[in-house]
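The primary structure of each chain is shown beneath.
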Amino acid sequence: MKVIHDAVSIMTPFLLAAAGGLLTELSGTLTIALEGFMLIGAFSGVVFAHIIGSTSAGIIAGALASMIFALLYGGITYYLKANIFIAGLAANLLASGLTAMLSFSFFGTKGVIHFSDVEGLRAFHVPLLGEYSFMVYISWAVLLLIWFILNKTPLGMRIRGTGFDSETIRSIGLKPELYRLLSVLIAGFTCGLAGSMLSLSVSSFVPDMTAGRGWIALVVIYLGNRTIAGVLAASFVFGLSISLSNYAQGIVTIPSDFILAFPYILTVSAMIIYSIWQGRKKGVKE
Amino acid sequence: METKPLSGRIVTVGVSLLSVVAFILLFSKTPFDAVRYFFTGPFLNRYFLGNMINSSVPLIFTGLGISIAFKASLFNLGGEGQIYAGAVTAVAVCLAFPGMNGFAGITAALVAGGITAGLLAMISGLLKVKWNVDSMISSFLLSGAVLHVVDYLITGPLDDPSSSLLATSPINSQYFLSFLMLPSKLNTGLFLGLLFSAGTAFLVYTTLWGYEMRISGYSRSFAGYGGIKVSRYVITPFFISGFLHGLGGGVAVLGTYHMAIKGFTAGAGWGGIAVALLADNNPLLVVPAALFLAYLKAGANTAMQYTDVTMEIAVVAQAVVYFLVTSEIMYTIFRRKRKEP
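Described below are features of the structure shown in this document.

Analysis parameters
- Residues numbered from 1 in each chain as written.
- Chains lettered and ligands numbered in written order.
- Predicted model: local features only at pLDDT ≥ 70, side-chain atom pairs only at ≥ 80, totals over all residues.
- Heavy atoms only, no water.
- Helix = DSSP H or I, 4+ residues; strand = E, 2+ residues; numbered from the N terminus.
- Rg over C-alpha atoms; globule rule 2.2 N^0.38 Å.
- Buried < 20%, exposed > 50% of the residue type's maximum accessible area, 1.4 Å probe, protein only.
- Contact = heavy atoms within 4.5 Å.
- Buried area = accessible area lost by both parts, 1.4 Å probe.
- Salt bridge = Lys/Arg side-chain N within 4 Å of Asp/Glu carboxyl O.
- Core = buried A, V, L, I, M, F, W, Y, C linked by side-chain atoms within 4.5 Å.
- Polar contact = N/O pair within 3.5 Å; in protein donor to acceptor, adjacent residues only side chain to side chain.
- Axes fitted to C-alpha atoms, helices over the stretch in contact; angles between N-to-C directions.
- Left-handed = near helix turned anticlockwise from the far one by under 90°.
- Nonpolar A, V, L, I, M, F, W, Y, C, P; charged D, E, K, R; others polar.
- Patch = residues over 30% accessible without salt bridge, like charges linked within 9 Å, V, L, I, M, F, W, Y side chains within 5 Å.
- Areas by Shrake-Rupley, 256 points an atom, 1.4 Å probe, with all protein chains shown as cover.
- Parallel < 35°, antiparallel > 145°, perpendicular 65-115°, else oblique.

### Quick look at the overall build of chain A
Assigned secondary structure in chain A consists of 11 helices and 4 strands. Here chain A has a C-alpha radius of gyration of 19 Å; the compact-globule value for 286 residues is 19 Å, and the two agree. The principal-axis extents of the C-alpha atoms in chain A amount to approximately 55 × 45 × 40 Å. Evaluated residue by residue, chain A yields a buried proportion of 55% over its 286 residues. Excluding contacts between residues fewer than 6 apart, the proportion of contacts in chain A whose partners are at least 24 apart in sequence is 75%.

Laid out in structure tokens, this is it:
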């Protein structure tokens, strides 16, 4: 049971980032900047929680900061027409450099900053579900909200329409750039939540603490077959395998570097299996 | 990757330098000193100048590696892992065979480093051809795993227990590339960089292989229709791209560090992408583009030594290059100007 409980906590940042990233994928321009959005969220979340003196305010600030950063990325990508992959790399690099610079200017270090006055994330017990950090419940609410936007609102239809055929959207007088920008802003919001969850759960900021999670979220989107339910299932599988490997660490000693390498190896293997499966499916259809 | 006018790239370079100035003004308490050290620092003395030129050498190799992948319309995001793997392989060869003569040892170490990194990159090409696995993401993820494995090798089996550094034992001195401009670290690795720049240009622009690769990069279906075996131009460009990255790692070890230190090549892989973009994937322009990026880094370093800014300012400037170099804003500005008269 402990393994499953941990899996649900571990999967939450992946789930949030992938849910936002899914919108950008459906709008036809998958962003690889999720990692950078999360890092900005992680830094702003814990720093504003320290300044304002409230963990909840920190989470909101983290989400807002990440949205502003997403606006910068989206503006450059969709309105100045930069190559989306290069702009995504730029956003990731900028997030890494900017957080290091800000942390050096304001806290005098580029290393780990711990805020002893910042209260960690509170856990709540819910009957039948168990005891989880309240961010876990928020992530489920966000997931439902995104499902609702995508399937039940005109906005969701237009986002998907943009991904399906942006010229048709343009021909009926709507602006594809706007819907792409909106989906990136939502991704900024969810990644900001994911990032602030990472930093606030330890009341610290660690340089580059997102550690590839934004990239793994991209793979989660594909493995989830580009649907909300699929993203949920794929995140759980990831959470479970990482939780199992942590559990195994307690039984046999594995060098810590291998534990750090494990999520990457798992992700690549999952991608290969997914691609083979997709190839088979296409083969049958033809 | 389409070609953008040169004027746009010159303005990109200018704007990235301006962004450095803006950040210094925002964050520094002594902004004038910081700006002065940033711009003039690399030319203050032989030591700084030599080290600046030397730090462009790994960027030349990674820039060439990325250029050749871009020419084939492939995204190799695994540069960080590939250069690191190449470096540690080169060290391992030197440590395993401590008694070879200098030339044979250097050649063996560099070739082994290149091949290791080349094979690592080639996996992404093979996966793409065989199962249509997205090579951009697979190369990044494989490199992420390899970075940790190399960390393990450097701090575990290859660690030098007599030193407190997280590093391997030093290699024997007959394997060192000769220094050119003491007391700086500049070494003959620079000539290797220039040689490979010319060699890559020759391969891409004058051989049938290069021609077919460029056609495949331009349009795979067109190339396939014309009878070109397209899968060849996915797998081999990835191998060559990785090989060049690994070579860069090997040259950094034999020329500059003489051992592998944990995380010592970090950033050179990402830097290679900025170099390739600035050079518009032209192997000959890679050399000046690498020098510009090395100048950014060296300027940030001297500004950090003498004032209160951190060297991450160079990373931010590099991000500005990424943002602007493919965007149409420069192009639009110049087009408008031309229309006016």
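There's plenty left to go through after this.
### So, the interface of chain A and chain B
Counting residues at the interface gives 42 residues for chain A, matched by 44 residues for chain B. Together chain A and chain B conceal approximately 3,800 Å² of surface at their shared face, both sides included; 84% is due to carbon and sulfur atoms. Considering only the side of chain A, the residues that lose the most area to chain B are A:I86, A:L93 and A:M101, jointly responsible for 17% of the buried surface there. Counting every contact that joins chain A to chain B gives 1 salt bridge.

### Points about the nonpolar core
In this structure, A:F37, B:F38, B:L77, B:L141, B:I273 and B:Y322 are the most contacted members of the largest nonpolar core, which totals 161 residues. Among the elements that take part in this core, helix α12 (residues 286-306) of chain B stands out by supplying 12 residues, more than any other. The residues contacting B:Y322, other than those within four sequence positions of it, are A:I86, A:L89, A:A90, A:L93, B:W270, B:G271, B:I273, B:A274 and B:L277. Core analysis: the next-biggest nonpolar cluster, separate from the first, contains 29 residues, B:A90, B:V93, B:I106 and B:L177 among them.

### Here's the deal with the side chain of B:S241
Residue and element names in this part refer to chain B. With respect to the helices, strands and loops of the structure, S241 is situated in helix α10 (residues 232-257). Side-chain polar atoms of S241 contact the backbone oxygen of G65, separated by 2.8 Å. Residues contacting S241, with those up to four places away along its chain left out, are G65, I66, I68, A69 and N76.

### Looking at the packing of helix α2 (residues 34-52) of chain A against helix α3 (residues 55-79) of chain A
In helix packing, the relevant descriptors are the interaxial angle and the interaxial distance, both defined with respect to the helix axes. Residues and elements named next belong to chain A. One way to put it is that α2 packs onto α3 with a least axis distance of 7 Å and a crossing angle of 145°. In terms of crossing hand, the pair formed by α2 and α3 is right-handed. Contacts between α2 and α3 involve G36, F37, I40, G41, S44, G45, F48, A49 and I52 from the first element and T55, A57, G58, A61, G62, A65, S66, F69, A70 and Y73 from the second. Grouping the amino acids of the contact of α2 with α3 by side-chain chemistry returns 11 nonpolar, 8 polar and no charged.

### Re a nonpolar patch on the surface
On the surface, A:L244, A:Y247, A:I251 and A:V252 cluster together to form a nonpolar patch covering roughly 430 Å² of accessible area. Topologically, A:I251 is positioned in helix α10 (residues 228-251).

### With respect to the packing of helix α9 (residues 213-223) of chain A against helix α6 (residues 135-155) of chain B
At their nearest, the axes of α9(A) and α6(B) sit 11 Å apart, and the two run at 135° to each other. Relative to α6(B), the element α9(A) is oriented oblique. At the point where α9(A) passes α6(B), the crossing takes the left-handed sense. Where α9(A) abuts α6(B), its residues A:W215, A:I216, A:L218, A:V219 and A:Y222 lie against B:I137, B:F140 and B:L141. When its residues are assigned to classes, the contact of α9(A) with α6(B) shows 8 nonpolar, no polar and no charged.

### Description of the pattern of salt bridges
Scanning the entire structure with this criterion turns up 6 salt bridges over all chains. Among the charged side chains, a salt-bridge network with shared partners connects A:K81, A:E167, A:R170 and A:E177.

### Quick word on the environment of A:S66
Residue and element names in this part refer to chain A. Mapping S66 onto the fold places it in helix α3. The exposure class of S66 is buried, given its relative accessible area of 0%. Along the primary structure S66 and V268 are separated by 202 residues, whereas in three dimensions their C-alpha atoms are 27 Å apart. With sequence-adjacent residues up to four places away left out, S66 is seen in contact with F37, I40, G41, G188, C191 and G192.

### Thoughts on the environment of B:G242
Residues and elements named next belong to chain B. Note that G242 resides in helix α10. Exposure remark for G242: the relative accessible area of 0% places this residue in the buried category. Placed 227 residues apart in sequence, G242 and V15 show a C-alpha to C-alpha distance of 31 Å. Discounting chain neighbours no more than four positions away, the residues touching G242 are N76, Q82, G114, A117, G118 and A121.

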